[in-house]
Amino acid sequence: MTTTMLTTAQPLTFNNFAPWAERLLTELDLELIEREQGADYHQWLLRFEGCQLFLCFQHYADCAWLQPVSSIDQEVADWLTQQWNQSAAAVRHQP
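Rules used in this analysis
Residues numbered from 1 in each chain as written. Predicted model: local features only at pLDDT ≥ 70, side-chain atom pairs only at ≥ 80, totals over all residues. Heavy atoms only, no water. Helix = DSSP H or I, 4+ residues; strand = E, 2+ residues; numbered from the N terminus. Expected span 1.5 Å × (residues − 1). Buried < 20%, exposed > 50% of the residue type's maximum accessible area, 1.4 Å probe, protein only. Arc of directions from axis to C-beta. Pairing = 2+ DSSP bridges. Axes fitted to C-alpha atoms, helices over the stretch in contact; angles between N-to-C directions.

(A) Up close: helix H1 (residues 17-28). With twelve residues, H1 should cover 16 Å at 1.5 Å per step; its first-to-last C-alpha distance of 16 Å lies within 8% of that length. The complete set of buried residues in H1 reads Phe17, Trp20, Ala21, Leu24, Leu25 and Leu28. Around the axis of H1, the buried residues are gathered within 140° of arc, so they sit on the same side. Set apart from the buried face of H1 by more than 90 degrees, the exposed residues are Pro19 and Thr26. Looking at the residues trailing H1, positive phi occurs at Asp29, about 60°.

Here you go:
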């Protein structure tokens, strides 16, 4: 499986991850199933059109990515990441 990081306008931190993730869910029309949080990570289980994905955030790496639960859904994770990253890039380049 390949992993592409999700683009962020501001660096992600443990404290600002949740509001950022909520915006991502809204913009990509993702359904939140479950949240898990540890000392240095967030992992949210999501659903998109029948596919299940994890939204992962690692504090020490300061990055987030979508990881499919099943390798069958890798294309969906890649497509959603591409949609988000293109949208985030467009927002950053607005005057």
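(B) View of the sheet that holds strand E1 (residues 31-37). Taken in spatial order, the four strands line up as E1-E2-E3-E4 in an open sheet, and their pairing is antiparallel. In this open sheet, the two edge strands, each paired with only one partner strand, are E1 and strand E4 (63-68). Across this sheet, the average inter-strand angle for adjacent strands is 20°, counted without regard to direction. In this sheet, strand E2 (residues 41-48) lies alongside E1 in antiparallel orientation, the contact comprising six bridges.

(C) Geometry of the pairing of E4. Across the six residues that make up E4, a large majority, five, are buried. Note: strand E3 (residues 51-58) against E4, six bridges, orientation antiparallel. Residue Phe54 lies in a different strand from E4, and its bridge partner there is Gln67. Two successive antiparallel strands, E3 and E4, enclose a turn made up of four residues, where Asp62 displays a positive phi of approximately 50°.

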